[in-house]
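One-letter residues, chain by chain:
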Amino acid sequence: MKEGAALTMKDIARELGISVATVSRALKDSPRISKERREMIQAYAREHNFTPNVLAESLRHSRVQPQKVIGVIVPELVHYYFDSVLKGIEEEASAHGYHIMVAQSGESYEREVKLCRSFYESKVCGIIVSQAKDTQQYEHFQRLIDSGVPLVFYDRICTGVNASRVVVDDYLGAYNAVSYLIDTGCRHIAFFGGPMNLEISKNRFNGYKDALLKHGLPFDERLTRECDNRSAAEEVTMTLFEDEPYPDAFFAINDDTAVGILHMVKNMGMRVPEDVSICGFTNGERATSCDPMLTTVEQRGIRVGEEAANILIGHVEGTISPDKVERRIVRTRLIIRGTTR
């Protein structure tokens, strides 16, 4: 166990050479465990200041509690998508008598770890989280699960942890968008994506690549960039026009990036969509505030938030078994506007 980290039932089980289930039963004073073993396990827990998540445990057995609080971690609140997910979480939680406590990781692994610890110490009954971009170690998530805290991922899921999650159909959304660009005559389609340690980045890239191959177009690595925000797009877009063949379309991982591409392409004197088509992914407010308005893949963030809250509450109240991993997919749709032919 790391210095300063909260002791979990898994830690106790490992130190005493027994199962987590045995620890759990002993701490609940179950008669299924011998008196001697119960006392030994309970003594160890007291000596090492073990603190169970009492609120989460009690809520599994009762729908009536004076405090029902869900912790929510968002990477950044500046994005329309995360705002809409948060709205969906709040509406579903409120409908079931829960409150939410929201915090931003700021795309920082270190802050994300601290937030998980803070929520645990605050005795939230469960946590809904979209992981930070630079998170590549997952002990803080596993520790919550081992401590009995229900955990649900949304959007950016953690494949290194066996927990419930809600995602949109990133692969199919990207595949359909790029297929549409090809059907409208585009042949050199650039891809601006996010860090490849994130599942959404991998899935959208694979949808882009497979659409090219399915339609008989070669994959050109020269036309791909890790670029997932407007400022980066404004810096990178020009570099793709240094060598032929020039891109005649862009597919961007989000609307913010797509708007940056649109701004630069127009500044370079090209017409949209006659010379260059552009497609984003989100369908937020930016998509309709640019000229021409943006073709994009609609993510339905409110629905994602509702599903995530629904699963979390199910785990807490026992309508979904704590051991059952729920995997839900929210369907996307392509919204065609003025930036494509």
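What comes next concerns the included structure. Once a new chain begins, its residue numbering starts again from 1 and follows that chain's sequence as written. For this predicted model, a pLDDT threshold of at least 70 governs which residues receive local features, and a threshold of 80 or more governs which side-chain atom pairs are given and counted, while totals over whole chains, interfaces and linings are taken from all residues. To obtain the side-chain values, all non-hydrogen atoms of the structure were included, while hydrogens and water were left out.

1. Describing the overall build of the chain
Move 1: Starting at the N terminus, helices and strands are each numbered in turn, a helix being any DSSP run of H or I of at least four residues and a strand any DSSP run of E of at least two. Each helix and strand counted, the chain has 12 helices and 12 strands in total.
Move 2: Here the chain holds 341 residues, and the buried ones make up 55% of them.
Move 3: In this analysis, two residues are considered to be in contact whenever any of their non-hydrogen atoms come within 4.5 Å of each other. Of all intrachain contacts in the chain linking residues separated by at least 6 positions in sequence, the fraction that spans at least 24 positions is 72%.
Move 4: Note on areas: Shrake-Rupley with a 1.4 Å probe; residue coverage comes only from the protein chains shown. Looking at the chain as shown, the accessible area adds up to about 15400 Å², and 47% of this sits on carbon and sulfur atoms. To sort residues, take the accessible area from a 1.4 Å probe on protein chains only and compare it with the maximum for the residue type: under 20% means buried, over 50% means exposed, and anything in between is partly exposed.

2. Digging into the nonpolar core
Move 1: In terms of nonpolar packing, the biggest core is built from 67 residues, with I70, I128, I189, Y208, F250 and F251 touching the most fellow members.
Move 2: By residue number, the principal contributor to this core is helix α12 (residues 301-317), which donates 7 residues.
Move 3: Other than its neighbours up to four places away in sequence, I189 contacts V178, L181, I182, Y208, L212, L223, D248, A249 and F251.
Move 4: Think of a nonpolar core as a cluster: buried Ala, Val, Leu, Ile, Met, Phe, Trp, Tyr and Cys residues, connected wherever their side-chain atoms sit within 4.5 Å. Formed by 20 residues, the second largest nonpolar core is a distinct cluster that contains I73, I127, F141 and V149.

3. A few points about the side chain of E307
Move 1: Of note, E307 is situated in helix α12.
Move 2: Given the relative accessible area of 14%, E307 is considered buried.
Move 3: Any pair of nitrogen or oxygen atoms within 3.5 Å is treated as a polar contact; in protein, a donor-acceptor pairing is required on top of that, and neighbouring residues in sequence qualify only through side-chain atoms on both sides. Of the polar contacts made by the side chain of E307, one reaches the side chain of R303; its length is 2.7 Å.
Move 4: Among residues more than four places away in sequence, those in contact with E307 are V166, R328 and V330.

4. Section: the side chain of E317
Move 1: Relative to the elements of secondary structure, E317 occurs in helix α12.
Move 2: Classification of E317 by relative accessible area gives buried; the value is 12%.

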